[in-house]
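Here is what each chain is made of, one letter per residue.
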Amino acid sequence: MKPRVLQLFASGVNCDRELRFAFEQAGATVVEHHISTLMAQPELVRDCDVFAIPGGFTYGDDLGAGRVLALEVERFLADELQALHHRGGTLFGVCNGFQVLVKAGLLPNVHGVRLSLTWNTSHRFECRWSRLKVEEALGHILPVGSILPAVSAHAEGQLVLAEGAADVARLEQAGVIALRYADASGEACADFPHCPSGTIDAIAGLVSTSGRILGLMPHPERNLSAQHLPDRGAGAWGTGEEGLAFFRGLLATAKTPSLA
Amino acid sequence: MQRQAWRVELEPASGRSDPLGEAALKSLSARGLALNGPLHSGRGFLLPASLERETVATIANRLLADAVNESVRLIAPEQIAETGAQTLIVRRMSGVSDPEAQTATRAIGLLDLPGIAIDSCQVESYRCYRAEDAVDGEALLQAGQRALANPVIEETQLGNAPLGFHADAPSRPAERRELPLSTMDDATLQQLSADMSLALTLEEMQAVQAFYADAGREATDIELETLAQTWSEHCKHKTLTGPVLFRQLDEQGQETERREYSNLLKETVFAATQKLSPDWCWSVFRDNAGVIAMTEDIGVAIKVETHNHPSALDPYGGAGTGIGGVIRDILGTGLGARPFAATDVFCVGPAGMDEADLPPGTMSPDRILDGVVGGVRDYGNRMGIPTVAGTVLRHPGYVANPLVFAGCVGEIPRKYVDKAARPGDLIVAFGGRTGRDGIHGATFSSEALHEESETIDAAAVQIGDPITEKKVLDVLLEARDADLFTSVTDCGAGGFSSAVGEMGEDIGAEVDLESAPLKYPGLAPWEIWISEAQERMVAAIDPKHRGALQQLCDTHDVELTVLGHFADHQRLILRWHGEVFGDLPMSFLHGGVPQPQREAINSAPPQNATAWPESFHAKELLEQALGHPSVASKEAIVRQYDHEVQGGTVVKPYQGAEGHGPGDGTVLQPRLDLPQGVALGCGISPSIALLDAYAGTACAIDEAMRNVVAAGGSPHRTALIDNFCWGDCRKPDRFGSLVRAAEACYDGAMALGAPFISGKDSLNNEYRVGDEEFPIPPTLLCTAMAIVDDVAQTVDTTLQQEGNLLLLVGNTTAEGGGSVLSELLDLGPSQVPCPSWETSPALFAAVHEGIRQGYVAAAHDLSEGGLSVAAAEMVLGANGLGLELDLAQLPGQENQLPLAARLFSESPTRFLLEVPREKIDGFASLMRTLPWASIGQVNASGQLSIQDGGTAVLSLSQSAIARANGVPA
């Protein structure tokens, strides 16, 4: 049976088409529900194996990126999402979806660490291709140390930790740092433009200790063909197959009874 | 009177960076206010005074503030803020939209707080700037008013002054008001037009007077407003569609030619489209956008708009609503198209201008550019539409009257291209509410700007709310796919009056104005009718679909209203609670405007040859050319736009491994499951058009075509869009160059087989100071959209492979008037280049075939700065590759041209093509007798080296090119 993805929709979601396309290419069936529908019928979450929140500017990011949708998710869907996770399902958020997961307290959920996502150090929206280095915590999805090229396109992608470096150590200890921005040689790098947000310790994505709640700032769903790479597949940005490999790996994390 | 409120003020917590505060400090310092300590930026919110402190604290901490990043300050309703004397508050004026507040109101409902019902908690948002050290409050206020606020839409105060909710907007009486036209003489008629901001001429007022005399009654205010909107230059294009007598003068001022047009646009631009009428054109000049075929079943719609005068007053809001408006044009094409690309072109004054040199009442060009870029960025990014093509031009002629062009492209199934409202259909509106914003925008844009524009025309400025528009988009596309609409259009200039008036033109319509949902009470019926409040669409639906549409709107949290219904009486009837306030026959509304013949005079273009310099420092000149504002890197702007959203940006605006190489056209793949795509390009040549409007327009068309062909678009399926931005064409000299531009459009379209499918004019781009009038340069923006059959058959401008040959295709000629070099060396007016319509179509076809068959590895068109700049740009994006070129290898007699001309001439219809040696024969067979030559090859040097038959001319490394071009780090 194909994994069933429930894609969340809300006012301001705008990366839904390409995310759906990526999931379908990777072998999933996708249904989309508006948050207003889910608020009235949260039990619809029971019909999926993967719950995904696409990128966008939900509610205009008016009160901070993802803030209001996070509040809605927290208040109306928290129980169903916990249940989905408990029965082996996967939660995924990209860009604004990642901001929602973090602000709803679903990621990284490491005791004692308070964190948020805020404006890039440049205080500007930045759109550019980034190289993401796969850390051990994401080894169940992609080869550790390999590079996942993806498009950064955000203004509020700087991860901030209440206690800075001490919190980085706690995250490292907990094994939740999934992806780091890297330079052309493949080494983790927090310098602009390799790391467009100036985020602490070059962190680009987080994963829960279960390995099944995952979020990242850049968009792997925009990397589904060599034609779309900055050098059109000449090699400096991979082969154009890394994005699809990521989504296949992501779908494979879901271990709900219905997929057994 | 303000109403008391709690203040919640949030600042970056201590130790966190505050780039907004730092930027504000710099802006104040530029205005002459130097602060000793830091300036802290903050976000402020007003909450109802009736709330308990505990409730306010919960809202502040759980919703408004970021717990990790921000610190919270609560100020009780009657409390004076301790730091108020050193805090500058910037808030929106009463009636200006406040999307943050709307979102906050909604979100507060989610907190489940005692005593607060859903969607009931009033909120207002503002910004604050707190100086850490004591400061002279008056000085802070003075500097801050200009440096940190836009006085057109914002007001400033100090933090220790009372701050509460705005008082309710003033109420205007809702009464049926008659204007006694029958008693008025000509002077009174003109005075009435001015007093009501109708922008109607005396002849037009007389036509209106005669109509009411025949009808045997007086006009009502709402009828006059309706006529003024519908007859405005903005909506009716009276100049371009009216009769004109054109005279061409020679250098002595003697008339050499004379011709008449009864409808200039119809006999030039439209005429070419009609004569060409290719079967791949599905909808031309009859809808909100033109539509051409991409596949058999899927079309692509394109429209480019201007938003010049609003952007002059409020660059951020003006550009944002410009892009918002053109997106609605695409949504309102056929039964709805899905936007997948946006374009923007800005024309502003020179960089670094002194405030003192600015005409009174105008903003500095740099501030205008910052504002318009921000407006497009924040609107386009939130909509999820990639902004992928455009440019920035700087010229002194745009200082007081900047130009902002915004374009949008959408995808539409063929079966949804046609639409027609039917009698009995309901008129529904959905999206944003109606307020006083944008009253008289259509008539305002039809007048010249002047010193007091910023104070008296503030109501013409509209503030955008992209998320409301995104919700409208979501509803509209779902409703279209459920076949709920019989017609749909956007509310643009003229608001409901234009939308309903146009949809009901052939059948008639009845509207109950009291049913429109308002942002605040107190609007007069005529204000509701012509308000240009943003983010509203109007549709015709069968009454049986009302429930289904309502349900869709409920899901997406969009407000739906039935305004009235379409009828079969060919009248427009406007009611207020049942009483008829307006009743006009559609025939007079749409056909009654008088069209007097206008005069147009064109002076002779310069005949003298360009004085190319004989001795010059080639390397320095190339570096200067690379840094010229028209050539300099726009990457810093492009990276602020999400030009990759939707995942279909194949040929990108900036290219190569590091993304620094400037592209020509961009190629988008609107459907990831299909190989087809579209190439987009823009051409604009005001510096040539200033000398010769025909040649400047022809060069703009050629440039747009070069852009799309170089990227891989098919010249056989290219549609063009015109945007004429001119001075006041009631003056014969302005109109003369416009006639020549329209003639160039006809000639170009016919020669290239590329029809214009949509367009827009913005005339009256003049600025008046006292009696002096400053028109902008004649500016035609030509946007090209070409079909790409397979996005894999497209190329970048970036060098690909060591050992490949570099070919120059097309003729280089000696006309250098209007060129970058002419400006850099101050060569003065001289002969200008102009494309040859005889040879260019074959050349475009051959280059396209070369790309399609895979003979071409990289392609770049030659534009501003000519061959040397184009070659440097190909090196710029390359991964360590370089070029060695020999200018003695130019085809035929061209190697006899002065060296400076060979390096910098901007002759049109030329390309540099990178072709592998083994493919050169194949390519040559395509070129037949067309002009081309191999002038060098790709090497691994990472630099551009140019020689002239053995004599070294210049050598420039990739990093030096990047530096000269202003490539961001």
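Rules of the game
- Residues numbered from 1 in each chain as written.
- Chains lettered and ligands numbered in written order.
- Predicted model: local features only at pLDDT ≥ 70, side-chain atom pairs only at ≥ 80, totals over all residues.
- Heavy atoms only, no water.
- Salt bridge = Lys/Arg side-chain N within 4 Å of Asp/Glu carboxyl O.
- Helix = DSSP H or I, 4+ residues; strand = E, 2+ residues; numbered from the N terminus.
- Buried < 20%, exposed > 50% of the residue type's maximum accessible area, 1.4 Å probe, protein only.
- 1 Å grid on protein atoms, 1.4 Å probe; cavity = no way out; pocket = protein on both sides within 12 Å on 5 of 7 lines; lining within 4 Å.
- Points joined across faces, edges and corners; volume = space filled by probe spheres on them.
- Contact = heavy atoms within 4.5 Å.
- Buried area = accessible area lost by both parts, 1.4 Å probe.
- Polar contact = N/O pair within 3.5 Å; in protein donor to acceptor, adjacent residues only side chain to side chain.
- Nonpolar A, V, L, I, M, F, W, Y, C, P; charged D, E, K, R; others polar.
- Axes fitted to C-alpha atoms, helices over the stretch in contact; angles between N-to-C directions.
- Parallel < 35°, antiparallel > 145°, perpendicular 65-115°, else oblique.

1. Considering the pattern of salt bridges
Residue and element names in this part refer to chain B.
Step number 1: Under the definition given, this model contains 71 salt bridges over all chains.
Step number 2: Arg127 is paired through a salt bridge with Glu154; the nearest N and O atoms lie 2.9 Å apart. Here Arg127, found in strand S5 (residues 124-131), pairs with Glu154, found in strand S6 (residues 154-158); they are 27 residues apart in sequence, far enough to count as distant.
Step number 3: Taking the relative accessible area as the measure of exposure, Arg127 reaches 29% and is therefore partly exposed.
Step number 4: Residue Glu154 is classed as buried on the basis of its relative accessible area, which comes to 13%.
Step number 5: In this structure, Asp418 engages Arg286 in a salt bridge whose closest nitrogen and oxygen atoms are separated by 3.3 Å. Taken together, the residues Asp418 in the loop between strand S16 (403-413) and strand S17 (426-431) and Arg286 in the loop between strand S11 (281-283) and strand S12 (290-293) connect sequence positions 132 residues apart.
Step number 6: Each of Asp728, Arg730, Lys731, Asp733, Arg734, Glu766 and Glu773 takes part in a single network of salt bridges with overlapping partners.

2. Quick word on empty space enclosed by the protein
Residues and elements named next belong to chain B.
Step number 1: Taken as a whole and assessed by the stated rule, the structure comprises 3 cavities of 30 Å³ or more.
Step number 2: As a volume, the largest cavity reaches approximately 680 Å³.
Step number 3: Lining the largest cavity are 38 residues; nearest its centre among them are Gly390, Thr391, Lys634, Tyr654 and Gly663.
Step number 4: Counting only elements with at least two residues in the lining of the largest cavity, the list comes to strand S14 (338-348), strand S15 (387-394), helix H23 (635-638), strand S30 (677-684), helix H25 (693-711), strand S37 (858-861) and helix H29 (866-876).
Step number 5: When residues in the lining of the largest cavity are grouped by element, the largest group, 7 residues, is from S15.

3. Side note on the interface of chain A and chain B
Step number 1: Taken residue by residue, the interface counts 54 residues in chain A and 66 residues in chain B.
Step number 2: Taken together, the two surfaces of chain A and chain B that pack against each other cover about 4,700 Å², and 55% of this comes from carbon and sulfur.
Step number 3: Its largest share of buried area at the contact with chain B, chain A owes to A:Leu63, A:His228 and A:Arg232, together 14% of the area lost on that side.
Step number 4: If you look at where chain A meets chain B, you find 4 salt bridges.
Step number 5: Where B:Asp112 meets A:Arg75, a salt bridge forms, and the shortest distance between an N and an O atom there is 3.3 Å.
Step number 6: Inspection of the chain A/chain B interface yields 27 residue pairs in polar contact (both at pLDDT 80 or more).
Step number 7: Elements with a contribution of two residues or more to the side of chain A that touches chain B: helix H1 (16-25), helix H2 (35-40), helix H3 (67-86), strand S5 (115-118), strand S6 (126-134), strand S7 (147-154) and strand S8 (158-161) of chain A.
Step number 8: Per-element accounting of the side of chain A that touches chain B gives the leading share, 6 residues, to H3(A).
Step number 9: Here the side of chain A that touches chain B is composed, by residue class, of 27 nonpolar, 13 polar and 14 charged.

4. Topic: unusual backbone geometry
Residue and element names in this part refer to chain A.
Step number 1: Residue Pro108 is bonded to the preceding Leu107 through a cis peptide linkage, with omega at -10°.
Step number 2: The residue after Phe192, namely Pro193, is reached through a cis peptide bond having omega 0°.
Step number 3: Within the secondary structure, Pro193 is located in the loop between strand S9 (177-182) and strand S10 (203-207).
Step number 4: One non-glycine residue, Arg232, lies in positive phi territory at about 55°.
Step number 5: In this structure, Arg232 sits in the loop between strand S11 (213-216) and helix H6 (242-253).
Step number 6: Arg232 sits in the buried class, given a relative accessible area of 17%.

5. Notes on the environment of B:Arg16
Step number 1: Here B:Arg16 lies in the loop between strand S1 (5-12) and helix H1 (19-30).
Step number 2: Residue contacts for B:Arg16: discarding those within four places in its chain leaves A:Val160, A:Leu161, A:Ala162, B:Val68 and B:Asn69.
Step number 3: Within the structure, B:Arg16 has its side chain in polar contact with the backbone oxygen of A:Leu161 (distance 3.3 Å).

6. Things to note about the packing of H1(A) against H6(A)
Residue and element names in this part refer to chain A.
Step number 1: Relative orientation of the contacting elements H1 and H6 amounts to 70°, with a least axis distance of 9 Å. By the criterion of interaxial angle, the relationship of H1 to H6 is roughly perpendicular. The segment H1 lies against H6, with Leu19, Ala22, Phe23 and Gln25 engaging Leu244, Phe247, Arg248, Leu250 and Leu251.
Step number 2: When grouped by side-chain class, the residues that make up the contact of H1 with H6 number 7 nonpolar, 1 polar and 1 charged.

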